[in-house]
Amino acid sequence: MSSPVRRSESRQSVATVAVGRRREGGRGRGTSASSVEASFLEMQSRAGNRATTAAVQRARGADKGKGKGKATDEAAGGGSGRGDGANGGKKRKDYRDRIASLLDRFKKNLEPIDTWIKGAQTPANAGFTQQAAVTANEGLKHSAAASGTSAASGNLLTEAAGTVVSGMDAYKSMKDARKNGHGAEHHTANKRAKTKGTDAVVGAAGSGAYSAAIAKEVTKIQKAADAAVASEASGVASAAVAGMKSVRSVFRVGGAARKYKKVKELGDPQLVHAASLARLNESREHADWAAAEAYVALDSYWKQEGEGRLELIGEAVDAAWEAMGEARDAAEALQRAEKDVERLGTVQGYAKKKQLTKIGKETIGGALGESTKAAAGVVTAVAAGTAGLASNPVGWGLAGAGAGLVLGVTLYKALRAATKRYEEVRHPEVWAKEGETPEEAASRKESLQHALKFWKKVSKGERAAMAREIYALAAGPDIAGSGGTTEEMRQSGMSLLIALKSGPADHKLDQEAWVASLNDPSKTAGWIKEIAEQLASG
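Residues numbered from 1 in each chain as written. Predicted model: local features only at pLDDT ≥ 70, side-chain atom pairs only at ≥ 80, totals over all residues. Heavy atoms only, no water.

Helix and strand counts for the protein chain come out as 15 helices and 0 strands. Put simply, 80% of the contacts in the protein chain that link residues at least 6 apart link residues at least 24 apart. Element-wise, carbon and sulfur atoms account for 57% of the exposed surface of the protein chain, whose accessible area totals about 29,100 Å². (Helix = DSSP H or I, 4+ residues; strand = E, 2+ residues; numbered from the N terminus. Contact = heavy atoms within 4.5 Å. Areas by Shrake-Rupley, 256 points an atom, 1.4 Å probe, with all protein chains shown as cover.)

Structure (structure tokens):
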């Protein structure tokens, strides 16, 4: 995969063959093949092919520089060919990582095309197919089939690439989970392995469904006798895959709802910690009174006369200094506790908002959108077996409705991600780590360019900042910035972790070992990553 894809003069796309056949057939039948619908469908097919080719070349071009750098490093390190097993294993691992990186970049370049196909081209094809069936327009029917072949091919390419990437990611995460054995890093890797493994299974099923869709459209183009059978099989396959995705979304909604309920059960931090704040305030008042009394005593010693006066004044000064220190410490403890209560309320609100957002997205785009698409597949299969190929307008309507729901959620996610990418470089100080000097803010033009890089993840956003806040509240006294946290507040932070499915049982640890891991500075990065993952998932 080192050279760009070049089209061969001797190979023609299915769409070209279809158009040629349609023109020949049209001249023989006297039917016009230059209708607006046919032209639109031909344009769709060609645009999809060109966009897919461009995506392939972009992905290869991005990996080309990495490959050159890797080759340079190997040349600099010497290549005697006598490398031991460790070096060979490392090279194989690097090679796998490069392949996974290339495929992931390739998939992300294809995703905008795939979104357009699913949300616009596929429903439009279904509408034109319905119109062709009603009007008995063979030219339009063949053009719709050619465009459908192009659409299904694009879907298949994206789905197949995603399936391979998910499988490789699941395998790597599984190895990481075994390597860590227990703790936050084990739980993060194990959860990712399960998620990516499920994605790989669903992706494989989706690839099969798109293959069936291609076969269906090709049989229409070729006027094959088994076109109805192929259409029926494609409808059943698409219904099954959409049903799988819908069921998975239902489970995700259930998980997010349970998380939301557990976080909500923790209660309002202002009410939960009202008693502890009252005790700290009372301690502060007592310390202030003690300091005031110490200064009154000191003032009285200054007014006294006689032997031993200086010694009494010295003792009074020491007592006043100590009382003032205790008053200052009590005031700082109260101020820190009030700030922590406010932080706890903020992170709890954020955790609930994330779960509600997930419930909404999975319900609309998954449970409703995919189930509607599944119903459309069933209707298509029934129509193919009884009333002709896609001649039932109900299937067209359901397909369009399902695609609209899924497309709406996809566009919402894309817009949110673009906004976050813009903010992380335009206003880096907003979510910077405490005590860290933020990076220089990018210009508006540079920020917009970064926002359009849809293949990049947001690395410095609100979720990462909230994960750091939660960890700071639950962490032990040996963690920088957590030494002044009260025991009551630390227990609340731990309770929030348990509600987010990051408790001892989730990490395969007993309570004592789990608490010790929260107080281990070497595990800080793993904990923050784990909390960020749990905030995003159900």
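There's more to say after this.
On to the packing of aromatic side chains, then. Counted under the stated rule, the structure contains 1 aromatic pair. Summarising the aromatic geometry, the rings of W514 and W527 are spaced 6.2 Å apart at their centres and angled 70 degrees between planes, so their arrangement reads as edge-to-face. On the criterion of sequence distance, the pair formed by W514 in helix α14 (residues 511-518) and W527 in helix α15 (residues 524-536) is long-range, its members being 13 residues apart. W527 shares its class with W514; the two are buried. (Phe/Tyr/Trp six-rings, centres within 6.5 Å; stacked < 30°, edge-to-face > 60°. Buried < 20%, exposed > 50% of the residue type's maximum accessible area, 1.4 Å probe, protein only.)

Moving on to the pattern of salt bridges. In this structure the tally under the stated criterion is 12 salt bridges. In this structure, the salt-bridge partner of D340 is R336, at a minimum N-O distance of 3.1 Å. Residue D340 and its partner R336 are located together in helix α9 (residues 309-386), separated by 4 residues, close to a single helical turn. For R336, a relative accessible area of 21% corresponds to the partly exposed category. E469 is the partner of R343 in a salt bridge, and the nearest nitrogen-oxygen pair spans 2.6 Å. In this pair, R343 sits in helix α9 while E469 sits in helix α12 (residues 462-474), placing the two residues 126 residues apart along the sequence. (Salt bridge = Lys/Arg side-chain N within 4 Å of Asp/Glu carboxyl O.)

Now for α14. Where α14 is concerned, the buried positions are W514, S517 and L518. Each buried residue of α14 sits inside an arc of 105 degrees when the element is viewed along its axis, so together they form one side. Those residues of α14 that are buried are in contact with α12, α13 (487-499) and α15. (Arc of directions from axis to C-beta.)

The subject of this paragraph is helix α11 (residues 444-451). Here α11 has its buried residues at S447, H450 and A451. Looking down the long axis of α11, one finds its buried residues gathered within 100 degrees of arc, a one-sided arrangement.

For the rest of this paragraph, the subject is the nonpolar core. By size, the foremost hydrophobic cluster in this structure holds 31 residues, and its most contacted members are I470, L497, W527, I531 and L535. A per-element tally of this core places α9 first, with 7 residues. Those residues in contact with L535 that sit more than four places away from it in its chain are Y350, A351, K354, Q355, R463, M466, A467, I470 and L500. (Core = buried A, V, L, I, M, F, W, Y, C linked by side-chain atoms within 4.5 Å.)

What follows covers a negative patch on the surface. Side chains of E311, E315, D318, E322, E326, D329 and E332 sit close together on the surface and give a patch of like negative charge. Positionally, E322 belongs in helix α9. The class of E322 is exposed, set by a relative accessible area of 52%. (Patch = residues over 30% accessible without salt bridge, like charges linked within 9 Å, V, L, I, M, F, W, Y side chains within 5 Å. Lys, Arg positive; Asp, Glu negative; His and termini not counted. Charge placed at Lys NZ, Arg CZ, Asp CG, Glu CD.)

Following both chains from N to C, one finds α12 and α13 inclined at 130 degrees, their axes separated by 7 Å at the closest point. The orientation of α12 with respect to α13, classified from their angle, is oblique. Contacts between α12 and α13 involve I470, L473 and A474 from the former and M489, R490, G493, M494, L496 and L497 from the latter. Per-class residue counts for the contact of α12 with α13 are 7 nonpolar, 1 polar and 1 charged. (Axes fitted to C-alpha atoms, helices over the stretch in contact; angles between N-to-C directions. Parallel < 35°, antiparallel > 145°, perpendicular 65-115°, else oblique. Nonpolar A, V, L, I, M, F, W, Y, C, P; charged D, E, K, R; others polar.)

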